[in-house]
Amino acid sequence: MPTKNSAPVHNAPSDSPSTLPASAVRVIAGLTMWWSASPVAFILSTVVGLGSRDRDPFWEIVSVVLLWSGIGGVVVAPAIGLLIAFRLRQRPARRRFAIMGAVSLAVCTLALLFWEFAMECAPGHTC
């Protein structure tokens, strides 16, 4: 007659996504998709902003909403996602959001650096 101790115990590790509530999985996936869609929002914001030469107020609002959506995805999504991953003790999500934050920081630093170079005056020109 088998005892309880003779059978193998199959417990799910604490880091497995099956132990998470469905809402937490959706929030982590949503923040990841928001961050992934940020470059598209920036490009669309630029295209819409440059494409509306007649300065239609509707397209200016669309351009501003896309711009802030892109900025939010780059800045807010990794920060909130990292906080949620720490709170839920999800190691893969923590890794993912830490990498997303590092990539976002590098892109923002390069954008500011190129902006400074673009605003620099050419030799012989007065600004």
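Shown above is the structure to which this text applies.
What counts and what doesn't
- Residues numbered from 1 in each chain as written.
- Predicted model: local features only at pLDDT ≥ 70, side-chain atom pairs only at ≥ 80, totals over all residues.
- Heavy atoms only, no water.
- Helix = DSSP H or I, 4+ residues; strand = E, 2+ residues; numbered from the N terminus.
- Buried < 20%, exposed > 50% of the residue type's maximum accessible area, 1.4 Å probe, protein only.
- Areas by Shrake-Rupley, 256 points an atom, 1.4 Å probe, with all protein chains shown as cover.
- Patch = residues over 30% accessible without salt bridge, like charges linked within 9 Å, V, L, I, M, F, W, Y side chains within 5 Å.
- Salt bridge = Lys/Arg side-chain N within 4 Å of Asp/Glu carboxyl O.
- Phe/Tyr/Trp six-rings, centres within 6.5 Å; stacked < 30°, edge-to-face > 60°.
- Contact = heavy atoms within 4.5 Å.
- Expected span 1.5 Å × (residues − 1).
- Bend = angle between axes of the 7 residues up to and from the residue.

Participant: Where do I start with the overall build of the protein in this structure?
Facilitator: Each helix and strand in the protein was counted, giving 3 helices and 0 strands. Reading the protein from its N terminus to its C terminus gives the helix and strand order α-α-α. Here the protein, with 127 residues, has 20% of them falling under the buried criterion. With the model as given, the accessible surface of the protein reaches about 9700 Å², and the carbon-plus-sulfur share is 71%.

Participant: I keep staring at a nonpolar patch on the surface and nothing clicks. Help me out?
Facilitator: The grouping of Trp34, Val75, Val76, Ile80 and Leu83 at the surface amounts to a nonpolar patch, some 430 Å² of accessible area in total. If one sorts the elements of the nonpolar patch by residue count, helix H2 (residues 57–88) sits on top with 4 residues. With respect to the element layout, Leu83 can be found in helix H2. We classify Leu83 as exposed; its relative accessible area is 59%.

Participant: Would you take a moment to explain the packing of aromatic side chains for this structure?
Facilitator: The relative placement of two aromatic rings is captured by the distance of their centres and the angle of their planes. Taken as a whole and judged by the stated rule, the model has 1 aromatic pair. An angle of 75 degrees between the planes, with centres 5.0 Å apart, marks the rings of Phe58 and Trp59 as edge-to-face. For Trp59, a relative accessible area of 39% puts it in the partly exposed group.

Participant: Help me understand the side chain of Ser104 in this model?
Facilitator: Here Ser104 is to be found in helix H3 (residues 91–119). The contact partners of Ser104, leaving out residues within four places of it in the chain, are Trp35, Val74 and Pro78.

Participant: Where do I start with H2 in this structure?
Facilitator: Along an α-helix, a turn takes 3.6 residues, which lines up residues three or four apart on a common side. Taking 1.5 Å of rise per residue, the 32 residues of H2 would be expected to cover 46 Å, and the 43 Å separating its terminal C-alpha atoms lies within 8% of that figure. If you look at H2, its biggest bend is around 35 degrees, right at Val76, and the proline Pro78 turns up within four residues after that. All of the buried residues in H2 are Ser63, Gly70, Gly72, Gly73, Val74, Ala77, Pro78, Gly81 and Ala85. Of the surrounding elements, those touching the buried residues of H2 are helix H1 (22–51) and H3. Within two residues after H2, Arg89 carries a phi angle of roughly 55 degrees, on the positive side.

Participant: Whenever I open this one, the environment of Val47 confuses me. Can you help?
Facilitator: Turning to its location among the elements, Val47 is positioned in helix H1. Given the relative accessible area of 51%, Val47 is considered exposed. Counting along the chain gives 16 residues from Val47 to Ser63, while the straight-line C-alpha distance between them is 8.3 Å.

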